[in-house]
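Survey of secondary and tertiary structure
This is what each chain is made of:
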Amino acid sequence: MRAALLVLVLVTLGASVTGCAGASGPEGTLDRYGRALRSRDYATAYEMMSASFRARVPKEEFVRMMRDSPREVAETAERFSGRGTVEVTAEFRYGAGDSMRLVQEDGRWRLATNPLAFYDQSSPQAALRSFLRAYRLGRFDVMLRFVPDRYRERMDVNKMKAQFQGPSKEAMDTLMDMLEANADEPIVESAGEAKMAYGERFEVTFVREEGLWKIKDLD
């Protein structure tokens with residue numbers, strides 16, 4: 001999977017705007033967007049959205065949603081006019097949806113994400129990415145961490161390995177490839193469980209146990 005570097009802009013309201021000033025920088029873009037909202041010029045606001053956003057959301061739908069939400073639009077425009085601190089960060093995306101956040105400090109870029117969190121289970125998406133990493137590295141012992149407690153008595157390292165590298169290896173490889181390609185799909189959480197639909201008919205089911213997300217079912 002090809003890695004990508006994405007520059008992000010984070011805005012914290014309540015302080016004066018610093019850094020990246022100018023009509024062509026983040027501050028100028030935010031100013032123009034706020035003015036477009038206040039004047040109800042939603043067509044201009046839409047043209048300021050990214051190409052990927054415009055590919056997903058047609059202009060007509062964007063304008064309709066803005067017109068149908070006047071209070072929310074006015075509140076957003078008001079917050080933009082309050083000015084804020086503009087912090088420019090970068091996000092390096094790699095592997096199965098993994099990312100590394102960088103921040104600017106004293107004119108230098110520095111890593112702001114824990115590089116040692118190889119098998120994070122703090123969220124369903126993190127658990128899925130960690131599970132995929134363990135699979136790609138052949139860490140069947142680590143993959144056991146993602147098995148819910150109710151199934152652990154029937155599973156060990158050898159059984160886990162047989163499940164993924166036994167007679168069904170080709171089918172499992174295809175399934176894991178599909179999962180990796182869809183690792184950024186939306187995940188819906190509800191009462192300690194979560195679900196992620198992918199492909200035409202598949203669904204991953206997650207369950208949270210003692211604060212850690214585990215994978216109940218892959219398909």
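So, here is what we can say about the structure in this document. Since this is a predicted model, take the numbers as computed values, not measurements. (Residues numbered from 1 in each chain as written. Predicted model: local features only at pLDDT ≥ 70, side-chain atom pairs only at ≥ 80, totals over all residues. Heavy atoms only, no water.)

1. Looking at the sheet that holds strand β5 (residues 188–190)
Inclusion rule: When DSSP finds two or more bridges between two strands, those strands count as paired. Only DSSP runs of H or I covering at least 4 residues are called helices, and only runs of E covering at least 2 are called strands; the numbering of each starts at the N terminus. Interaxial angles span 0 to 180 degrees and are taken between N-to-C directions of axes, which are lines fitted to C-alpha atoms, for helices over the stretch in contact. Should any heavy atoms of two residues lie within 4.5 Å, those residues are counted as being in contact.
Spatially, 4 strands are ordered β5-β6-β7-β8 in an open sheet, and the strand pairing comes out antiparallel. In the strand order of this sheet, the two ends are held by β5 and β8 (212–217), each with one partner. Across this sheet, the average inter-strand angle for adjacent strands is 25°, counted without regard to direction. In this sheet, β8 lies alongside strand β7 (residues 202–209) in antiparallel orientation, the contact comprising 5 bridges. Considered in β8, the bridge of E209 is made with L212. Across the sheet, helix α6 (residues 124–136) lies against β5, β6 (193–198), β7 and β8, angled at about 70° from β8, the strand it touches most. Helix α10 (residues 169–181) contacts β6 and β7 of the sheet and is inclined by roughly 100° relative to β6.

2. Topic: the pattern of salt bridges
Worth spelling out the cut-off: Definition used for salt bridges: Asp or Glu carboxyl oxygen within 4 Å of a side-chain nitrogen of Lys or Arg. When accessible area is computed with a 1.4 Å probe and restricted to protein chains, residues below 20% of their type maximum are described as buried, those above 50% as exposed, and intermediate ones as partly exposed.
Within the structure shown, the criterion is met by 10 salt bridges. One salt bridge in this structure joins D177 and R136, with 2.7 Å as the shortest N-O distance. Taken together, the residues D177 in helix α10 and R136 in helix α6 connect sequence positions 41 residues apart. Owing to a relative accessible area of 41%, R136 belongs among the partly exposed residues under this scheme. A salt bridge links K195 to E203, with the nearest nitrogen and oxygen atoms 3.9 Å apart. Given the relative accessible area of 33%, E203 is considered partly exposed.

3. Considering the nonpolar core
Threshold: Definition used in this section: a nonpolar core is a set of buried Ala, Val, Leu, Ile, Met, Phe, Trp, Tyr and Cys residues joined via side-chain atoms within 4.5 Å.
By size, the foremost hydrophobic cluster in this structure holds 28 residues, and its most contacted members are F164, L179 and L218. The dominant element in this core, judged by the number of residues it contributes, is α6, at 6 residues. In contact with L179, other than residues within four places in its own chain, are L128, L132, M196, Y198, V204 and L218. Grouped together as the second largest cluster of nonpolar side chains are 13 residues, Y46, F53, V57 and F62 included.

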